[in-house]
Amino acid sequence: QRLRSELGSDSCIVCIVGGTKFQEADSEELVKAIAPKLEATAGPTVKFVTGGMAGVQEAFAKNCGDGTRVLNLLPVGQSSGYGRGT
């Protein structure tokens, strides 16, 4: 509910989930290809939320435009280390 109140009721929140390791050789490239296309075609109210984990979430965040629409949900004082998102 806090996230919804901070982003506004008109925001669409897309949760990015996935493993911390890629299981197939081409999976990482697939995530890297999908992220910028999804970011470019999603409306301006869409925000992408990760849990700040390595693997799928990190690959998506690092390839999702300039990262301004990525939010990494972590405990206070922790950082994803992605260099992208808030």
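See the structure shown above.
As the structure is a prediction and not an experimental result, all values here were calculated from the model.

Conventions adopted
Residues numbered from 1 in each chain as written. Predicted model: local features only at pLDDT ≥ 70, side-chain atom pairs only at ≥ 80, totals over all residues. Heavy atoms only, no water. Helix = DSSP H or I, 4+ residues; strand = E, 2+ residues; numbered from the N terminus. Rg over C-alpha atoms; globule rule 2.2 N^0.38 Å. Buried < 20%, exposed > 50% of the residue type's maximum accessible area, 1.4 Å probe, protein only. Contact = heavy atoms within 4.5 Å. Lys, Arg positive; Asp, Glu negative; His and termini not counted. Charge placed at Lys NZ, Arg CZ, Asp CG, Glu CD. Salt bridge = Lys/Arg side-chain N within 4 Å of Asp/Glu carboxyl O.

**Q** Explanation requested: the overall build of the chain in the structure shown.
**A** For the chain, the count of helices and strands is three helices and three strands. Secondary structure elements of the chain, listed N to C terminal, follow the sequence α-β-α-β-α-β. Against the 2.2 N^0.38 benchmark of 12 Å for 86 residues, the chain shows a C-alpha radius of gyration of 13 Å, consistent with a compact globule. When the backbone C-alpha atoms are referred to their principal axes, the chain occupies close to 40 × 30 × 20 Å. Burial status across the chain gives 31% buried among its 86 residues. The long-range fraction of contacts in the chain, counting pairs at least 24 apart against all pairs at least 6 apart in sequence, stands at 55%. One way to put it: in the chain the 9 positive side-chain charges average out to a point 4 Å from where the 9 negative ones average out.

**Q** For this particular structure, what's the right way to read the pattern of salt bridges?
**A** All told, the structure shown has four salt bridges when counted by the stated rule. The closest approach of N and O atoms between Lys-62 and Glu-58, which form a salt bridge, is 2.9 Å. Of this pair, Lys-62 and Glu-58 both sit in helix H3 (residues 56-62), four residues apart, which is roughly one turn of that helix.

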